[in-house]
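Chain and residue survey
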Amino acid sequence: MNVAVTMFNGGRGAASIARGMLVTPGVDLSLVVNGYDNGHSTGALRRYLPGMLGPSDFRKNLLLHLDPADPAQAALATVLEHRLPAGTTPAGLTEVIEAVAARRGRFAALPEEASALVAAHLRAFARRLAAAPQGFDLADCALGNLVFAGAYLRLGRDFNAAVDACARAFGSPVRLLNVTNGENAFLVALRRDGTLLADEADIVAPRDQRRPQATITDLFLLREPVGGRRRAELEASPPEWARDDLLEERAEVTPNPRALEAIRNADLIVYGPGTPHSSLLPSYLTPGVADAVARSRAAAKVFVVNTRDDHDSRGLSAPDLVDRTLAYLGDPGNRRRLVTHVLSHQGPDADAGAEATPGVPTVPHGVLGRGEWAGARWLTADLEDPGHPGAHHGRRTAEALLAIRHEAALAGAR
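Here we summarise the structure given alongside this text. (Residues numbered from 1 in each chain as written. Predicted model: local features only at pLDDT ≥ 70, side-chain atom pairs only at ≥ 80, totals over all residues. Heavy atoms only, no water.)

**Re the sheet that holds strand 2 (residues 27-33)**
Taken together, eight strands build an open sheet; the order of strands is 3-2-1-7-8-9-11-10 and the sheet is mixed. Only two strands of the sheet have a single neighbouring strand rather than two, namely strand 3 (175-178) and strand 10 (372-373). Note: strand 10 against strand 11 (residues 376-381), two bridges, orientation antiparallel. Bridge pairing in strand 11 places E372 opposite R377. (Pairing = 2+ DSSP bridges. Helix = DSSP H or I, 4+ residues; strand = E, 2+ residues; numbered from the N terminus.)

This is the structure in structure tokens:
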């Protein structure tokens, strides 16, 4: 009998775990992702096509199953990750599209059906660019993002339909789901000192988060991006006033029914690792998500602690990160049992002081000793990939998660 696993995910933070699940027999994997990315070329694309969410994290998740040793799959990965060089013109993009369609050069090994679908999506974007060439620079743009943009245009500006179309084109075995119905929204954050982080790119930018005043305290999904003048007004206000103003400007987003279904029907729910304030916590703001988790048949709902700090989470301990997840789910006391287990890395040679390793979210001695936090069991295992420090070992972490689910299912059946 297959195990349905639903994981809240970003772009790369939980990629190794997702790959570990994909190579585990009997696992059906759903990934729930948000589209608030607006960094660099993704942000430029969102400004060029008003109303479209950011495709980059969805694009990255289409790479999970692609084996670089397989020529056809490597060619698919090339389409997703190829960056257009500086000076690329609309005519230059057309040349790339024709190479995809004819399966020439770096695209020679593309499967025929995939090349036709990808080329059709790219041509739709190229037509838009020919009609309105001003306002978008192709330099350093990921070709895969333009595939998403073209699918979005072809499918009546339906972002979720574009995600489905791209998953089909690239043969993804993952059920890749936007957490919302595709409403456009812009992510901003407030720090304790009143500084406004005006977009997702600002939230994840390097900064010293170890100072208490630099800690992010609030996230908001807004109807419109925050311009320079508005940013200055908000930062000149006391933080509590700015918070109230931002609450008045919130976007109305609705949950993707398919995402809620995947959560409710999961045997295992995983709150994946990653950049919390951009990739993960905003998904939990979606109306209906917490209720779906509460009503899920999942025997285990597991929070996976990062093996390394991200820029936006420095200064926050591992229990702090669990608490933030529960707070954004609207259940700060975990009374609804939205998190049943926490899984963190502890190497085989760790001793009682090893949890304080610099750059790693701290797990206090008392938490490890009790094996519990906020009503959830706290478990440790050797989860880090020795070949990629800071990343989870996909197979071992997937095995640990499935073992937690198996044990919880047996306990519930008694």
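Right, picking up where we left off after that structure.
**Side note on the layout of surface pockets**
What the largest pocket holds in volume is close to 650 Å³. If you trace the largest pocket, you find 34 residues lining it, with G11, R12, G13, K60 and T275 closest to the centre. Put simply, the parts of the chain that give the lining of the largest pocket at least two residues each are helix 1 (15-22), helix 2 (40-48), helix 3 (56-61) and helix 13 (276-284). Tallying contributions element by element places helix 3 first for the lining of the largest pocket, with four residues. Considering only residue class, the lining of the largest pocket consists of five nonpolar, 18 polar and 11 charged. Within this model, the second largest pocket holds a volume of roughly 300 Å³. Lining the second largest pocket are 14 residues, and of these L221, L247, R250, A251 and L285 lie nearest its centre. (1 Å grid on protein atoms, 1.4 Å probe; cavity = no way out; pocket = protein on both sides within 12 Å on 5 of 7 lines; lining within 4 Å. Points joined across faces, edges and corners; volume = space filled by probe spheres on them. Nonpolar A, V, L, I, M, F, W, Y, C, P; charged D, E, K, R; others polar.)

**Thoughts on unusual backbone geometry**
Of note, R157 is a non-glycine position whose phi angle comes to about 60°, a positive value. When you line up the elements, R157 lands in the loop between helix 7 (143-154) and helix 8 (159-169). Assessed through its relative accessible area of 40%, R157 is described here as partly exposed. Not every positive phi belongs to a glycine, and N334 is a case in point at roughly 55°. (Buried < 20%, exposed > 50% of the residue type's maximum accessible area, 1.4 Å probe, protein only.)

**Focus on the packing of aromatic side chains**
In this structure the tally under the stated criterion is seven aromatic pairs. The interplanar angle of 75° and the centroid separation of 5.7 Å between the aromatic rings of F125 and F136 together place this pair among those described as edge-to-face. You can see F125 sitting in helix 6 (residues 112-131) and its partner F136 sitting in the loop between helix 6 and helix 7, a full 11 residues away along the chain. Among the aromatic residues, those joined into a cluster by ring pairs are F8, Y271 and Y284. (Phe/Tyr/Trp six-rings, centres within 6.5 Å; stacked < 30°, edge-to-face > 60°.)

**A look at the pattern of salt bridges**
A complete count under the given rule lists 20 salt bridges for this structure. The partner of R191 in a salt bridge is D193, with the nearest N and O atoms 3.3 Å apart. Of the residues examined, R191 reaches a relative accessible area of 10% and is grouped as buried. Of the charged contacts in the structure, one is a salt bridge between E399 and R395, with a shortest N-O distance of 3.4 Å. Of this pair, E399 and R395 both sit in helix 17 (residues 394-413), four residues apart, which is roughly one turn of the helix. (Salt bridge = Lys/Arg side-chain N within 4 Å of Asp/Glu carboxyl O.)

**Comments concerning the pairing of strand 2**
Strand 2 sits mainly inside the fold: six of its seven residues count as buried. As for the winding sense of the linkage, the β-α-β connection from strand 1 (residues 3-8) through helix 1 to strand 2 is right-handed. Relative to strand 3, strand 2 is paired through four bridges, and the arrangement is parallel. Within the sheet, the bridge partner assigned to V32 lies in strand 3 and is L177. (Right-handed = clockwise from strand over helix to strand, strands pointing away.)

**So, the packing of helix 5 (residues 90-102) against helix 6**
With their axes 9 Å apart at the nearest point, helix 5 and helix 6 run at an angle of 165° to one another. It follows that helix 5 is roughly antiparallel to helix 6 by the angle criterion. Between helix 5 and helix 6 the crossing geometry is left-handed. Contacts between helix 5 and helix 6 involve P90, L93, I97, E98, V100 and A101 from the first element and S115, V118, A119, L122, R123, F125, A126 and L129 from the second. Across the contact of helix 5 with helix 6, the residue classes break down as 11 nonpolar, one polar and two charged. (Axes fitted to C-alpha atoms, helices over the stretch in contact; angles between N-to-C directions. Parallel < 35°, antiparallel > 145°, perpendicular 65-115°, else oblique. Left-handed = near helix turned anticlockwise from the far one by under 90°. Contact = heavy atoms within 4.5 Å.)

**Re the sheet that holds strand 4 (residues 186-191)**
Ordered in space as 5-4-6, the three strands form an open sheet in which the pairing is antiparallel. Sheet topology places strand 5 (196-197) and strand 6 (216-222) at the edges, where each strand pairs with a single neighbour. One ladder, built from two bridges, connects strand 4 with strand 5; its direction is antiparallel. Bridging from a neighbouring strand, L190 pairs with L196 of strand 5. In the packing of helix 11 (residues 239-248) onto the sheet, the strands contacted are strand 4, strand 5 and strand 6, and the crossing angle to strand 6 comes to about 25°.

**Brief notes about the packing of helix 13 against helix 15 (residues 318-328)**
Running from N to C, helix 13 and helix 15 point in directions that differ by 35°, and their axes come no closer than 8 Å. Helix-helix and strand crossings are classified by hand; for helix 13 and helix 15 the assignment is right-handed. On the side of helix 13, the interface is formed by P276, H277, L281 and Y284, while helix 15 contributes L321, R324, T325 and Y328. Residues belonging to the contact of helix 13 with helix 15 are distributed by class as follows: five nonpolar, two polar and one charged.

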